[in-house]
Amino acid sequence: MNFPDPLSPQYKAGVLLINTGSPDTPDAASVRRYLAEFLSDERVIELPKWKWWPILHGIILTVRPAKSAQRYKGVWTKDGSPLIVHTRKTAEKLQAALGADVKVEWAMRYGNPNVKKVFKSLAASCEKVLVMPMFAQYAAQTSAACVDEVLSTMLKMRSQPSLRTVRDYHLEPAYIDALAAQVKASWEQFGRHDEVGGMLVMSFHGIPKKSSELGDVYERQCKETAAALAERLELREGSWMVAFQSRFGREEWLTPYTLPTVQRLGKTCSRVDVICPGFAADCLETLEEIGDELRCAYQLENPDGAFHYIPALNDSDKAVAAYETIIRRELGGWI
């Protein structure tokens, strides 16, 4: 019996960057499709379907898409979703940095480009694939959800590639350096916050408190990242703090919550700077929730106060260098 010769791999290894996702366009129909996929993931909403699905399909997907679409329109760029734009540019710069032996692709866990499709395409040209969820701090709702999708894709593949995953990089020195560079760039423009009695709020995306109680390492890793950044910046005690944003639903999430925390700071603090270390790229949760909503909430309490949102790492040179450092280490022995 003659068997077909397998195709020779085109690259020594492949790298797949995965971020959360975005609607295709800022309209209600696209947002509804995105939210339906996102909020149907049992990693994201850890409730039994009998309890959650009537709420999701009967209330949330009926009311929320139109409201969210208006919010997305406020951050949309001429090139599309800022999350998509920055993730694509990061992948392009990493491709240039890693060279011809490595193929770099990117995908979104929810929405497009679809993880399954991109991973299959990458595996067709690489016998070894490194998957890097773009979340420095590990959480089941983010990092694990990305790996779940890759593994479910592999279940139906006849020829599976060798697989490695980046679990987290919350204390990676190059990542901390990249965050510090973002803060220092803001200082160059506005001066140090701690020299005028200001506060640096490090706002991370929240998760339900019960996730930590069940053993999730996310809360601890967020606090470790914040402490490492404060040390790197040589911040004085009392000039920085950790908070958690983007609470969803009625159950208790990680505290302190960012919004009421900054509102209280408005009564006592003449300047607040906010950085979101857990977001690899600017998106609705940073640009609109922090840059607009939180700014307004602070200035309602303190009209004369100064509020500065410090951009996410995006595709900055320091960010790309940090990712390259992590990827080259994880590819050890493959290239």
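Report follows, based on the coordinates. Values in this document were obtained by computation on a predicted structure and should not be read as measured data.

The rules behind the values
- Residues numbered from 1 in each chain as written.
- Predicted model: local features only at pLDDT ≥ 70, side-chain atom pairs only at ≥ 80, totals over all residues.
- Heavy atoms only, no water.
- Salt bridge = Lys/Arg side-chain N within 4 Å of Asp/Glu carboxyl O.
- Helix = DSSP H or I, 4+ residues; strand = E, 2+ residues; numbered from the N terminus.
- Core = buried A, V, L, I, M, F, W, Y, C linked by side-chain atoms within 4.5 Å.
- Buried < 20%, exposed > 50% of the residue type's maximum accessible area, 1.4 Å probe, protein only.
- Domains from an automatic or database assignment.
- Contact = heavy atoms within 4.5 Å.
- Phe/Tyr/Trp six-rings, centres within 6.5 Å; stacked < 30°, edge-to-face > 60°.
- Lys NZ or Arg CZ within 6 Å of the ring centre and 35° of its normal.

Time to look at the pattern of salt bridges. Side-chain pairing between opposite charges can occur once the charged atoms of the two side chains come close. Applying the stated criterion across every chain yields a total of 21 salt bridges. For Glu219, the salt bridge goes to Lys223, with nearest N and O atoms at 3.2 Å. You can see Glu219 and its partner Lys223 sitting in helix H8 (residues 218-233), 4 residues apart, about one turn around the helix. Salt bridges linked by common partners bring Asp41, Arg109, Lys116 and Glu149 together as one network.

What follows covers the nonpolar core. Counting 70 residues, the largest nonpolar core has Leu17, Met202, Phe307, Tyr323 and Ile327 as the members making the most contacts within it. Each of two domains, domain 1 (13-169 + 318-331) and domain 2 (173-310), supplies a minimum of three residues to this core. Setting aside anything within four residues of it in sequence, one finds Tyr323 in contact with Thr90, Leu94, Met132, Met134, Tyr169, Ala280 and Leu313.

On to the packing of aromatic side chains, then. Here the structure, examined in full by the defined rule, presents 8 aromatic pairs. Aromatic pair Trp52 and Phe248: ring centres 6.3 Å apart, planes at 75 degrees, arrangement edge-to-face. Residue Trp52 is found in helix H2 (residues 49-75), and its partner Phe248 is found in the loop between strand S6 (240-245) and helix H9 (258-268); the two are separated by 196 residues along the sequence. Aromatic side chains Tyr72 and Trp76 sit 6.2 Å apart centroid to centroid with 80 degrees between the ring planes, which places their arrangement in the edge-to-face category. Feature note: the residues Tyr34, Phe38 and Tyr110 constitute an aromatic cluster, connected by ring pairs. Looking at Arg167, its charged tip hangs above the ring of Tyr138, at a distance of 4.3 Å from the centre. Sitting over the ring of Trp187, Arg192 keeps its end group 4.0 Å from the ring centre.

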